[in-house]
Each structure stands twice: as C-alpha cells, then as structure tokens.
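Descriptive structure summary
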Amino acid sequence: MTKKVEFEHGGARANAGRKAQFNEPTKVIRVPESQADFIKNWLLKNFKNAQQSDLSTSLNIQTVQAKNDKIYQIPLATERVAAGMPVAVQDTIEQSLDMNEYLIRNENSTFIVKANSLSMLDVGIDIEDPLVVDRSLSAKSGDIIIARIDNDFTVKRLMIDKQFDPPKVWLKAENPDFKNIYIEEGQEFEIWGVVTYNLKPMR
C-alpha cells in the first residue's frame, strides 16, 4: 500500500527556508536605532577575515567657500594646555584666528571629501569623517592623500621608497584589516589631493 503525502501551502516544512551559514543557533542583539545603519555598514566592510580593498569609483566631495559675510574671530590661547593641571585660559588670550584662514590655504583648490571606509582608522579617520583636501599641495612621503588608481579612488598614506631607482610608490593602509596598495606597471595613478585636516567632532 502506497502512502500518499499531501503538501499544503503555509506552515513549516523540513529543510525549507534560508540555510544557516555557520550551522549554529542565532542570537538577536539590540543596537541604538540611530547607529543601526553605521553598524550594518561596518559589518559589511569587515565581514571577511582576509584583508580588504576599499577602492571606490566616486568621491563624496563638497566645495569650500572661504569668503563669508560672517567672520568668526575665535580667541586663541597662547599657553599650551596640559592634560592634568587646569590653566586660567582667559589670562593667556593674546590674539584670535579665523577658522577659514586657519584651515584653507587656497580656496579654489580646497575641497571637503567624506571618508567612506575604515582603512585609515588607526590614524583617527572614520566613515563619514569630513577631510579637508588641498589639490594645490605637492604630496610628500608620509602624507595622507586621496589617490586615483585607474578609475577608483582611495584614502591612504603615501609611501615613497627611494632605495629603488626610480623610487617605488605604494599606499599604506592604517588598519591591519585592509590591504596596502602597490602600484603596478601599466596602472594609471594620480595623487588627487593631500589631506590637511580631519574635521572630526569630539562629542
């Protein structure tokens, strides 16, 4: 006698649904709602155990307008501030500075570029940090730069190894989870600009 098995729509079925990648129970975690997108992005970028490349086909660029109807003269304390003993700052103010003049050397060649990876995290550059980039500066070995390799962009530390002839140029990632980039023969390489400041908020 043959047993007839009928399947109905709905309900759980053996071996149905998405297969577990790690073959182990899952666990729900709670994160602040405002941080959910950042955490998802971070996990996606750091999922692989192998070192990663963070080349991007585009830059998130904002222009800089130094000339403004409002000029904010910020008091500048001439005394250095120690990490321990408090200093009477009011007694040491001798001058003021305009942040536009302090941050921008050449308005026409200065841009704000948003970082889009964690490859420079060990020098304090996080995702979405606004980097001040000056395209008029000549890059030196050790500078943090925006580089274009073929048609992709990246933020890295420029390294120039002068023991080779001609000198060997490579780009250092300041995060061990990301790859250094070594320029190969035949690749198109351009230093798009030099990073001069990171406008990271402290609160």
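Presented here is a report on the structure given in the accompanying data block. (Residues numbered from 1 in each chain as written. Predicted model: local features only at pLDDT ≥ 70, side-chain atom pairs only at ≥ 80, totals over all residues. Heavy atoms only, no water.)

1. Details of the sheet that holds strand β7 (residues 152-161)
Within a beta sheet, neighbouring strands are joined by backbone hydrogen bonds and run either parallel or antiparallel to one another. Strand order in the open sheet made by the 8 strands is β1-β4-β5-β10-β6-β7-β8-β9, with antiparallel pairing throughout. Both outer strands of the open sheet, β1 (61-63) and β9 (181-182), are each paired with one neighbouring strand and no more. Note that strand β4 (residues 110-114) and strand β5 (residues 130-134) share 5 bridges and pair antiparallel. The residue of β5 that forms the bridge with Lys 114 is Pro 130. (Pairing = 2+ DSSP bridges. Helix = DSSP H or I, 4+ residues; strand = E, 2+ residues; numbered from the N terminus.)

2. Concerning the side chain of Asp 134
Relative to the helices and strands, Asp 134 is located in strand β5. It is Arg 105 that comes nearest to the buried, bridge-free Asp 134 among opposite-charge side chains, at 5.3 Å. Discounting residues that sit within four places of it in the chain, Asp 134 has contacts with Arg 105, Asn 106, Ser 109, Thr 110, Gly 193, Val 194 and Thr 196. (Buried < 20%, exposed > 50% of the residue type's maximum accessible area, 1.4 Å probe, protein only. Lys, Arg positive; Asp, Glu negative; His and termini not counted. Salt bridge = Lys/Arg side-chain N within 4 Å of Asp/Glu carboxyl O. Contact = heavy atoms within 4.5 Å.)

3. Quick notes on the pairing of strand β8 (residues 168-172)
With 5 bridges connecting them, β7 and β8 associate as antiparallel partners. Bridge pairing in β8 places Met 159 opposite Trp 170. As judged from the 2 bridges shared by β8 and β9, these two strands associate in the antiparallel manner. Opposite Trp 170, over in β9, you have Tyr 182 as the bridge partner.

4. Considering the packing of aromatic side chains
This structure, assessed with the given rule, holds 3 aromatic pairs. Here the aromatic rings of Phe 111 and Trp 192 are separated by 5.8 Å at their centres, their planes lie at 50°, and the arrangement is tilted. Remark: Trp 192 occurs in strand β10 (residues 189-198) and Phe 111 occurs in strand β4; sequence separation between them is 81 residues. Each of the two residues, Phe 111 as well as Trp 192, counts as buried. Their ring planes at 20° and their centres at 5.4 Å tell us that Trp 170 and Tyr 182 sit as a pair that is stacked. In this pair, Trp 170 is assigned in strand β8 and Tyr 182 in strand β9, connecting sequence segments 12 residues apart. The aromatic ring of Phe 164 is capped on one face by Lys 168, whose charged end is 5.6 Å from the ring centroid. (Phe/Tyr/Trp six-rings, centres within 6.5 Å; stacked < 30°, edge-to-face > 60°. Lys NZ or Arg CZ within 6 Å of the ring centre and 35° of its normal.)

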